[in-house]
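An overview of the molecular structure
Now for the letters of each chain:
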Amino acid sequence: METRRLGPLSVPAVGFGAMVLSPGFYGSIDDDQATRAIMHAIDAGSSFLDTSDGYGKDAHNERLIGASVGGRRDDVVISTKFGYRVPSGVERHRFQVAYGTLAVNAEPQHIRGYAVASLERLRTDHIDLYSPHFPDPLVPIEDTVGAIGDLVTEGLVRHVGLSNVTAEQLERAAAVHAISAVQCEWSLWAAPCPALLAVAQRHGIGIVAWSPLGGGFLTGDLISLDASDFRNNFPRLSGTNLALNNDRFAPIKALAGLLELTPSQLALAWLLHQHPAVVPIPGSRTATHITENAAAAGISLSSETLECIEHARARFRPEGGTILAVPATGPS
């Protein structure tokens, strides 16, 4: 697979979002199935693995990757995020997103402890890309990033990332330490703030696109959700909104068919054409879908096709709001 640059870090053009491999996110799954998915992603070329200490009960997702990768550590680039697993007795800083209330603590004095715990779960001596999962609403982003920079000096972390930040927060962070990548939602039905992309381009920061398949919707196969599926919390994927959105997605799905692509491949290929340093991290549990997603890295779309997609997108207005509303400001 071709590679792309997240700052100085080279990664496959299509990575792998491991969140879906922990129970409770996309319904039930066992570790054997999850391990097979990780191995298939690596073999398919999507060896940029994204996880977080907040995915799964007792950081299940990090433990899963650590147990699965084993002797293939040199074959993968591991990105993980921190902030959810707040130590006992430490204040949790709460904020609202589209689907409810979240809580983190990204105070500098806790960050080394977060990293050491992740290293133990991942069974590795370094983290390739380390990011706060969300900006802490009570902690200046400069303080958080400065503490990650100390881990780079120590050799525990190779590259500093950010996730779900505003353009202003990214600018301030980049003044403290070189930032390799910023994670944001980006797909056919969710675009990042242009100001965020402008800051990233100015500083040579790559873009890691989470939910590049719209939480699975852009596969074209999402008709209903199991009661245990976390995506029931997303208004655009629940109730009558899901049916309405499937109707509105039909022209893009039909275009994929005309091009002899799956809807997922069209969505990922379109995204890869939007920015030279964007790296989508789709997640899947099946070998077939993982292979299809990885193959999108080699799909070239003509200017005429891209125009057709934009015309269809202009009429595709999802019902139900965004998956995530990022806190607009942090402490000054």
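Structure report, in brief. (Residues numbered from 1 in each chain as written. Predicted model: local features only at pLDDT ≥ 70, side-chain atom pairs only at ≥ 80, totals over all residues. Heavy atoms only, no water.)

**Regarding helix α3 (residues 108–122)**
Counted at 1.5 Å a residue, the expected span for α3 with its 15 residues is 21 Å, and the 22 Å between its end C-alpha atoms agrees. For α3, every residue scored as buried is listed here: H110, I111, Y114, A115, S118, L119, R121 and L122. On its buried face, α3 is in contact with α2 (60–69), β5 (77–82), β8 (127–132) and α4 (141–154). Where α3 ends, the next residue or the one after it, R123, has phi of about 55°, a positive value. (Helix = DSSP H or I, 4+ residues; strand = E, 2+ residues; numbered from the N terminus. Expected span 1.5 Å × (residues − 1). Buried < 20%, exposed > 50% of the residue type's maximum accessible area, 1.4 Å probe, protein only. Contact = heavy atoms within 4.5 Å.)

**Quick notes on empty space enclosed by the protein**
Per the stated rule, a full pass over the model turns up one cavity of 30 Å³ or more. In this structure, the largest cavity occupies an estimated 30 Å³ of space. Around the largest cavity sit G15, F16, S46, P282, S284, I290 and N293, which together line it. Across the lining of the largest cavity, the residue classes break down as three nonpolar, four polar and no charged. (1 Å grid on protein atoms, 1.4 Å probe; cavity = no way out; pocket = protein on both sides within 12 Å on 5 of 7 lines; lining within 4 Å. Points joined across faces, edges and corners; volume = space filled by probe spheres on them. Nonpolar A, V, L, I, M, F, W, Y, C, P; charged D, E, K, R; others polar.)

**Thoughts on the sheet that holds strand β9 (residues 157–163)**
An order of β3-β4-β5-β8-β9-β10-β11-β12 is seen for the eight strands of this open sheet, with the pairing classed as parallel. Looking at which strands have only one partner, the edges of the open sheet turn out to be β3 (16–17) and β12 (278–280). (Pairing = 2+ DSSP bridges.)

**Comments concerning the packing of α3 against α4**
The contact between α3 and α4 brings their axes to 9 Å, and the two run at 45°. Considering their axes alone, α3 and α4 lie oblique with respect to each other. Relative to α4, α3 is oriented so that their crossing is right-handed. Taken together, the residues of α4 that come into contact with α3 (itself represented by P108, I111, R112 and A115) are D143, T144, A147, I148, L151 and E154. Per-class residue counts for the contact of α3 with α4 are six nonpolar, one polar and three charged. (Axes fitted to C-alpha atoms, helices over the stretch in contact; angles between N-to-C directions. Parallel < 35°, antiparallel > 145°, perpendicular 65-115°, else oblique. Left-handed = near helix turned anticlockwise from the far one by under 90°.)

**Here we look at the nonpolar core**
L21, Y130, L162, L170, I179 and F217 are the most contacted members of the largest nonpolar core, which totals 82 residues. Grouped together as the second largest cluster of nonpolar side chains are eleven residues, L9, F48, L129 and A181 included. (Core = buried A, V, L, I, M, F, W, Y, C linked by side-chain atoms within 4.5 Å.)

Honestly, that's just the spatial picture; any functional story needs more than this.
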